[in-house]
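Here are the chains, one letter per residue:
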Amino acid sequence: MTQRLKVLVTGASGLVGSEVTARLAAAGHEVTAMVHRARELVRNDGTPLDLTGVTCLPGDVTRPRFGLSEDAYRALAGSGLDRIVHCAAITDFGRPEEDYQSVNVDGTAHTVELARDSGAGLVHVGTAYVCGERDGVIREPELDQGQRLANAYEASKLRAETLVHKAQADGMRAAVVRPSIVVGDEHTGVVRDYKNIYVILKLTTEGKSRSLPGLYEARLDLVPVDYVADVITRVTERFDEAEGRTFHAVGAPLTLRDFSDVMAEYPSFHVPRFVPPTSFDAERLPTRERRYYGRIVTLYESYFRRRMTFDDSHTAALGIRSAPQNGPEFLRKLIDHCLHSGYLGALPAAVTKTPAATNTAEADATGPAANGTDGGGR
Ligand SMILES: NC(=O)c1ccc[n+]([C@@H]2O[C@H](COP(=O)([O-])OP(=O)(O)OC[C@H]3O[C@@H](n4cnc5c(N)ncnc54)[C@H](OP(=O)(O)O)[C@@H]3O)[C@@H](O)[C@H]2O)c1
């Protein structure tokens, strides 16, 4: 094992945070897991996290000192923290702007403050999609290139990362990990939370959205959650080498053509038609489909026209393996899991209701945000 570290993980109950917490604890580090609404830590495969070496600390990143009392905050800052892994964020799309500001931006400011007060190195989890609507090769050192951002989530993550860079310039030690679109496990396809791309998969394969604005050559970058957690863990453990740099945690880019081709392999699926955005007219959609378009598809549509490729040279230089490169094969694995779990298609009688299966209802577009999340990418 590398040196035993004392690590605070924010967003420890989240899809990514729980897997990072599990890896750090399993490696023998002492982990303080900041929890917010969800008080139980559940791994991506649905099993409870082994809490050996893990202490849970309720906290709210939107509040100064995370809402802790002066004494509790001082104790935390003075506890000899080596690292803070900042995963807490709002990753849904379609929320009011102030939610993104308070959680993603103010939450990062408060975390930066703790990093300063404690002397811990900060591993900030951003998003590869801070690149906004830029096309072409996106390199890890690039941040604000005057890009157009697709939504309030992306804009907030850019502001948050900018804060981290400013603090770094003032002497704080930090590294940034930027995942692309986080999806199921590399080997099993299993995912705990069906969000972002899964919502679109459901709407389209069930025939609720048959025409979408998009370019067949547009690319979506899907990255397995286990790989993302591996990258964050490695950056945390090898912080002395990683400090001052940004690491793309990205996977296999798939074109919308690849998506359509794979979807066409499943006889029960509807295969959506992507219409060039310049000729797409939502008013011509049937009423029900127009509703789905307005409530859900619009949250993601910018991801259906982007043609970027994420360079991950820094990640490779840290000796981290690549994520799976065969996009279509990986997509089949993800879809097969969705079918097996009942998320796509009828739920087999033997499958009990999992938290993930519960989310199925959210794609029914009953609410304004309707479970849009990070990334058509976050
Ligand atoms: N998922 C993706 O596709 C994706 C892609 C790229 C980047 N990322 C980034 O990766 C990080 C982790 O994402 P994720 O998918 O794991 O997100 P997630 O599953 O939505 O989890 C977010 C976590 O943040 C916590 N949180 C929210 N508000 C909080 C508050 N006010 N105070 C303290 N904690 C709060 C949540 O706790 P409660 O639920 O208990 O409130 C939860 O543990 C985020 O920074 C995200 O931007 C995600």
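Worth saying up front: this structure is predicted, and the values here are computed from it rather than measured.

Peer 1: Quick rundown of the overall build of the chain? Include the residues and the values.
Peer 2: Secondary structure assignment for the chain yields 12 helices and 16 strands. Over its C-alpha trace the chain gives a radius of gyration of 20 Å, about what one expects of a compact globule, namely 21 Å for 378 residues. Over its C-alpha atoms, taken along the principal directions, the chain stretches across nearly 60 × 50 × 40 Å. Here the chain, with 378 residues, has 57% of them falling under the buried criterion. Taking as baseline every contact in the chain between residues at least 6 positions apart, the subset at least 24 positions apart corresponds to 81%. On the chain, roughly 15000 Å² of surface is accessible, and the fraction owed to carbon and sulfur atoms is 49%.

Peer 1: If you had to explain the pattern of salt bridges to someone new, which residues and values would you point to?
Peer 2: Under the counting rule described, the total for this entry stands at 26 salt bridges. For Glu133, the salt bridge identified is with Arg305, shortest N-O distance 3.2 Å. Residue Glu133 is found in the loop between β6 (121-125) and β7 (136-138), and its partner Arg305 is found in the loop between α9 (287-300) and β15 (308-310); the two are separated by 172 residues along the sequence. Glu133 sits in the partly exposed class, given a relative accessible area of 22%. A relative accessible area of 29% means that Arg305 is categorised as partly exposed. Arg332 is paired through a salt bridge with Glu265; the nearest N and O atoms lie 2.7 Å apart. Placement of the pair is Arg332 in helix α11 (residues 327-341) and Glu265 in the loop between α8 (256-264) and β14 (273-275), with a sequence separation of 67 residues. Looking at Arg332, the relative accessible area reads 29%, which means it is partly exposed. Note on Glu265: relative accessible area 41%, which makes it partly exposed.

Peer 1: Residue-level account of the environment of Ala33, with values.
Peer 2: Within the fold, Ala33 resides in strand β2 (residues 30-35). Owing to a relative accessible area of 0%, Ala33 belongs among the buried residues under this scheme. With 14 residues separating them along the chain, Ala33 and Thr47 place their C-alpha atoms 17 Å apart. Once residues lying within four places of it in the same chain are set aside, the contact partners of Ala33 are Val9, Ala12, Thr21, Leu41, Val54, Thr55, Cys56 and Leu57.

What counts and how
- Residues numbered from 1 in each chain as written.
- Predicted model: local features only at pLDDT ≥ 70, side-chain atom pairs only at ≥ 80, totals over all residues.
- Heavy atoms only, no water.
- Helix = DSSP H or I, 4+ residues; strand = E, 2+ residues; numbered from the N terminus.
- Rg over C-alpha atoms; globule rule 2.2 N^0.38 Å.
- Buried < 20%, exposed > 50% of the residue type's maximum accessible area, 1.4 Å probe, protein only.
- Contact = heavy atoms within 4.5 Å.
- Areas by Shrake-Rupley, 256 points an atom, 1.4 Å probe, with all protein chains shown as cover.
- Salt bridge = Lys/Arg side-chain N within 4 Å of Asp/Glu carboxyl O.

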